[in-house]
Structure formats: C-alpha cells, structure tokens
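# Coordinates in review
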Number of protein chains: 2
Amino acid sequence: MGDERPIGVFDSGLGGLTVAKEIFRLMPGERIIYLGDTARVPYGNKSEEAIKRFGLQDARMLLDMDIKLLIAACNTVSSVALSHLEQHVKDIPVIGVVWPGARAATSKSVEKRIGVIGTAATIRSGSYAKAINSIDPNIKVYGKPCPLFVPLVEEGLIDSDITRAAVQHYLYEMVDLGIDCLILGCTHYPILMEAIQGAVGNRIQLIDSALWVAKEAQNILKATNAAAAGDTGGFTLSRFLVTDLTPNFEPVAEALLGAGIPNIEKIAVEELEKKF
Amino acid sequence: MGDERPIGVFDSGLGGLTVAKEIFRLMPGERIIYLGDTARVPYGNKSEEAIKRFGLQDARMLLDMDIKLLIAACNTVSSVALSHLEQHVKDIPVIGVVWPGARAATSKSVEKRIGVIGTAATIRSGSYAKAINSIDPNIKVYGKPCPLFVPLVEEGLIDSDITRAAVQHYLYEMVDLGIDCLILGCTHYPILMEAIQGAVGNRIQLIDSALWVAKEAQNILKATNAAAAGDTGGFTLSRFLVTDLTPNFEPVAEALLGAGIPNIEKIAVEELEKKF
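Just so it is clear, the model here is predicted, and its values are computed rather than measured. (Residues numbered from 1 in each chain as written. Chains lettered and ligands numbered in written order. Predicted model: local features only at pLDDT ≥ 70, side-chain atom pairs only at ≥ 80, totals over all residues. Heavy atoms only, no water.)

## Quick notes on the overall build of chain A
We apply this condition: Working definition: helices are DSSP H or I runs of at least four residues, strands are E runs of at least two. Numbering for both runs from the N terminus. Computation of the radius of gyration draws on C-alpha atoms, with the globule rule given as 2.2 Å multiplied by the number of residues to the power 0.38. Residue burial is assigned from relative accessible area. The probe radius is 1.4 Å, only protein chains are included, and a residue is buried under 20% of its type maximum, exposed over 50%, and partly exposed in between. For every accessible area listed, the method is Shrake-Rupley and the probe measures 1.4 Å; residues are considered covered only by the protein chains on display. Counting rule applied: Lys, Arg positive; Asp, Glu negative; His and chain ends not counted. Taken as the charge centre is NZ of Lys, CZ of Arg, CG of Asp or CD of Glu, depending on the residue.
When its secondary structure is counted, chain A shows 14 helices and 10 strands. On C-alpha atoms alone, chain A measures out to a radius of gyration of 18 Å, which is about the 19 Å that the 2.2 N^0.38 rule sets for 276 residues. Overall size of chain A, expressed as C-alpha extent along the three principal axes, is 50 × 40 × 35 Å. Among the 276 residues that make up chain A, the fraction classed as buried is 60%. Roughly 10,600 Å² of accessible area belongs to chain A as shown, and the carbon and sulfur atoms make up 51% of that amount. Each charge sign in chain A was given a centre, from 27 positive and 33 negative side chains, and these centres are 5 Å apart.

Given below as structure tokens:
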C-alpha cells in the first residue's frame, strides 16, 4: 500500500525550504515538489486580494503535478488565504503553517502569554491569535511585524550589528510583556534564531513553525495511509521549481535548506498566471 | 504650439515618485501618468530577463495612454533594460535615471573618484560606471549594493539605530576610497539623505538622480518643442496607477512624493502581463 505521489510545498520565495528541510529530516523517503514564486516575492507586503490570487495559482500549479498533500509553507498565504485555498482544493489535504505553530505554542505556554512575529500581512491578519484563542481563549497573544528580517536573511546578515539592532528594535517590548513562547511566524526567521534568542533571553521558548508543520504532515500521511510505502527518492528525486532564477539564489537556498539544491527548474511566472 | 500630452513615468514601486516630485517642481504645468508596479515590487532582486520583461510591459501600458515622453524612473530597469526599451519604443523619447545622474556626478567630481550605491541588480550591471567612463575614462567608479535601504524606507525607519548601523555597514569603505561624489542610484535613497550624509561626511557631495532626470526631461521637452504651452493640470490632473494597493501605501507615497496622492487607480497586474 502507501501513496508514492510527492508532497507539494509552495512559498512566495525560498523561505519554505525550511519546511522542506524538516520534511526530509522526518520522512527521508518522501519526495517533494517545491514551488518558490521568486518572480513575485515577497507576498507579505501585498494586498489580501493579491495574496489570495497568487496563493491559488501556486496551489494549482502543484495540483497539476499530481501531489498527495499540499503545504502552504508561506505564513502570509496561510494567514490570509488558507480557507480560500481549501475552498478550491477538494481532493487532497491542505496544510498551512499557522495552525501547527499555534498548537505547539499553546501546548507549551505555561504563563498563557504568547508572542508572534511575522510579516506585516501575517500579523495584521491576526491569524495566530485566532488559532490560539480558538484552542484556549484565556491565552493572551501579542503580535509584532518584523519586515526587515527577511531582507536581512536574504542579505546574509545573520550575525551583524544591523541584525542585532533590528532584533532589539522589534523585540524589546515582547520581553516586558511576560511571554514565555515566541512563534517565529515566517519561514525565514529560523535562520535568525540565535540573534532572536539572544535578544529575548533563554526564558522564552522559540517556536519554529517549520518543524511543527512537518510533524503535522507526517501525522496526516500516517492517518490516511498515504505515507510512501518504500523510498520514493526523498531529497534526491525531489523537484525544485522557481519562477525566477534570482542572482542570490544559491547561498540563500543553501542556508534555508541546509544543503545545496541538486537541480532547479525555472518556470515562467506567466504559467502561474494562467492557473485560474 | 506645445504638446499637451502627459509625461509617462514608471517604477517597480513607489520610489519613482521622487522623480515625479522633481518634475512637478520644475514644470508645474505638465501632467504625469505614473505607473508603480507594486504587485511585483521589488525588481532589484530579480533576474535580468524578468526585469526586461516587466520594464517593457510597464512601458507599453503607458504608451497605450498616449504619452509624449517615457521616463523609466527605476534604476534597476534603467541599468539593465534601457536599450531593450529603446529598441521597442520608437515614437517618443525614452529617459532612464542612470545617464542624468552619471553626467551630473562627472561634471562635479574634482578628485575623479565617484561612488555609486543602488540595488544589487543596478550595481551588478555596472551601468553607472559604464556611463561615467564613456564620458571620462579617467574617473574611478566604486559601486556598493545596499539592499536594506529600500525596506528601511518602506518601514519608515528614516532616523533610527538600525538605519545608522546599516548606513555605516554599507558606506564605511566608500569614505576611505577618497570619493568626492556619491550617486544615490535608487529612487528611494533620497529619503535617507540625512543619514547617508551623516555617515560619509560633508566633504562628499550626494547626487540625487531624481533631480537630474527631471532636468533632462525639461531639456528634451524644450529642445523638441514638446513642453505644454499652457497649464495642462500639473499635479492635480495627473494620474497615479498601481498594480496593487499595498497596505503601507499612503505614508510611503507621501514621504516620497512630498504630498498626498489625490487619487489612486488600481489596475490588474494581469493587464500588464498581456502587454507583449
């Protein structure tokens, strides 16, 4: 038995590779088709209407490739467009990154005070607060948009004065609020984990959504008997599609995936725009 | 006589509004149609192929609106796609922002050492160095990409520790190189003028391309008898088109234009993509 089809993972850019990395670690036999919409990245500063349209186009591109599970590894899409995706994708399960992160934080917070950092669109949507409070309405959730973190990661400024100043600028209030869990609500942020932990101190636990969404994918595949029965190629036979071969691609992708990508396929962004 | 048609100005986003601002200041009777491709901003981290395609689509959208002059108020497009634009736009003059800035710096540099800052794509293209050295091959040109400056402006972080750390990070080498002119090779950068001048000291003159491209537009309109004979409406009757109504739109646009935009028209990015 088992389902040998690949898992589809998409993101506005390369950040979702942190999710792919955790999937390969947990389920090394599974094959992934990754789609990064690098021609239109970032989504986090776009309107809700644009985010919904782009997200559905990304999803349809992957659905046409016969996947068994769709992961929106983009916090922005997961925050403002997941139910829109679910309305249009009926045949296979769809997972976003918000619920797995929210559930993990809810189970870990003793103080019942959780912080969330992410793009402007993610925080404005209140998606994490809604998810957390539907599990436990007594938890206080504090959101803070950190729009400079993605450009810092893409600049490779992981350990620098600018990064420390930016982390301090965004997070100093969080510490005073008495949170004990901080959700990294953007797939780029795990790369800045050390700087963030340094700023908030060790008393606050960082929740990396990438890890928890991979675990949820594993649970769903097990529960539906859709895990691959044997090795379907894993990392080696996975496909990596992007809509633009951006110049800084390789070092950024390697930092996020924790490995070099064997082969990249460029698809035209116009192909996505036809997916209506 | 005179030509009552509007001037077309486009940019990947809102940065080109600094060019529009200078045009309104120099030629208050002229009407502008501004196109900001806010759905696909930024262009500076995209491939040359994508930048050429996007730039030509922006140009064609404006050409269909019967303009008398086309200004690519985007350093990235001006740097990597201007000749591509010129090949396709035959009927009206096309101006980019690189040559006006390069000419101004060349005429002002006594030490014959000029610095250029811009997006990764602008600096990688070497466009300013090529323009400057075709005027005076003895001038040494030093380029430095500053990818964090645009997100800093869009975050409203004009005067902050992060901005000072970023300016210091990118520019400390420039000072040691003995330059006497520094070209702000990105339309967002004039907003950071004070922080930049603070970092490089008063001995180095900052060249704002926006100002010089507006002067070049004025010269071309005069030379070709295409300046509006009377007042064609100026700022009040100008049109401002964007491909996405991004959430942070108004404060950013106001900072760049130096005034609130009276009316915004949203056009679908798919309309641009049809312009082939």
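## Some points on the sheet that holds strand β6 (residues 140-145) of chain A
All names here are of chain A. Here is the rule we go by: What makes two strands pair is DSSP finding at least two bridges between them. The axes are straight lines fitted to the C-alpha atoms, using for helices just the contacting stretch, and the angles between their N-to-C directions are given from 0 to 180°.
In space, the 4 strands of this open sheet follow the order β6-β5-β7-β8, with parallel pairing throughout. A single partner strand is all that each edge strand has here, and the edge strands are β6 and β8 (205-208). Averaged over all adjacent pairs, the angle separating strand axes in this sheet is 25 degrees, with direction ignored. Inspection of the sheet shows strand β5 (residues 113-118) paired to β6 by 6 bridges, in the parallel sense.

## Details of unusual backbone geometry
Here the amide bond leading from Val41 of chain A into Pro42 of chain A is cis, since omega sits at -5 degrees, within 30 degrees of zero. Residue placement: Pro42 of chain A occurs in the loop between β2 (32-36) and α2 (48-63). Backbone geometry places Asp66 of chain A, a non-glycine residue, at a positive phi of 60 degrees. With a relative accessible area of 44%, Asp66 of chain A lands in the partly exposed category. The backbone of Lys112 of chain B sits at a positive phi, close to 60 degrees, despite the residue not being glycine. With respect to the helices and strands, Lys112 of chain B occurs in the loop between α5 (98-108) and β5 (113-118). Owing to a relative accessible area of 35%, Lys112 of chain B belongs among the partly exposed residues under this scheme.

## What about the relation of the copies chain B and chain A?
Definition in use: Overlaid copies result from least-squares superposition on C-alpha atoms, with residues included only where pLDDT is at least 70 in both.
By a simple turn and slide, chain B fits onto chain A: the slide is 0.0 Å along the axis, the RMSD is 0.0 Å, and the turn is 180 degrees. Look at the turn and shift together and you get a two-fold axis relating the two.

## What about the packing of helix α1 (residues 17-26) of chain A against helix α13 (residues 249-257) of chain A?
All names here are of chain A. Basically, it comes down to this: Angles are sorted into four bins: roughly parallel if under 35 degrees, roughly antiparallel if over 145, roughly perpendicular if 65 to 115, and oblique for all others. Crossing handedness is defined as follows: a turn of the near helix away from the far one that is anticlockwise and smaller than a right angle gives a left-handed crossing, while the clockwise case is right-handed. The contact criterion used is simple: two residues touch if any of their non-hydrogen atoms lie within 4.5 Å. Any residue outside Ala, Val, Leu, Ile, Met, Phe, Trp, Tyr, Cys, Pro, Asp, Glu, Lys and Arg is labelled polar, Gly included; the first ten of those are nonpolar and the last four are charged.
At a closest axis distance of 7 Å, the pairing of α1 and α13 adopts a crossing angle of 45 degrees. On the basis of their axis angle, the class for α1 and α13 is oblique. By crossing handedness, the relation of α1 to α13 is classed as right-handed. Here Leu17, Thr18, Ala20, Lys21 and Phe24 of α1 lie close against α13, whose contacting residues are Ala253, Leu256 and Leu257. Across the contact of α1 with α13, the residue classes break down as 6 nonpolar, 1 polar and 1 charged.

## Some points on the packing of α1 of chain A against helix α11 (residues 209-223) of chain A
All names here are of chain A. The geometry of α1 relative to α11 is characterised by a closest axis approach of 8 Å and an angle of 50 degrees between their N-to-C directions. In terms of axis orientation, α1 runs oblique to α11. In the crossing of α1 with α11, the sense of the turn from one axis to the other is right-handed. Between α1 and α11, the contacting residues are Thr18, Val19, Glu22, Ile23, Arg25 and Leu26 on the first element and Ala210, Leu211, Val213, Ala214, Lys215 and Gln218 on the second. In terms of residue class, the contact of α1 with α11 is built from 7 nonpolar, 2 polar and 3 charged.

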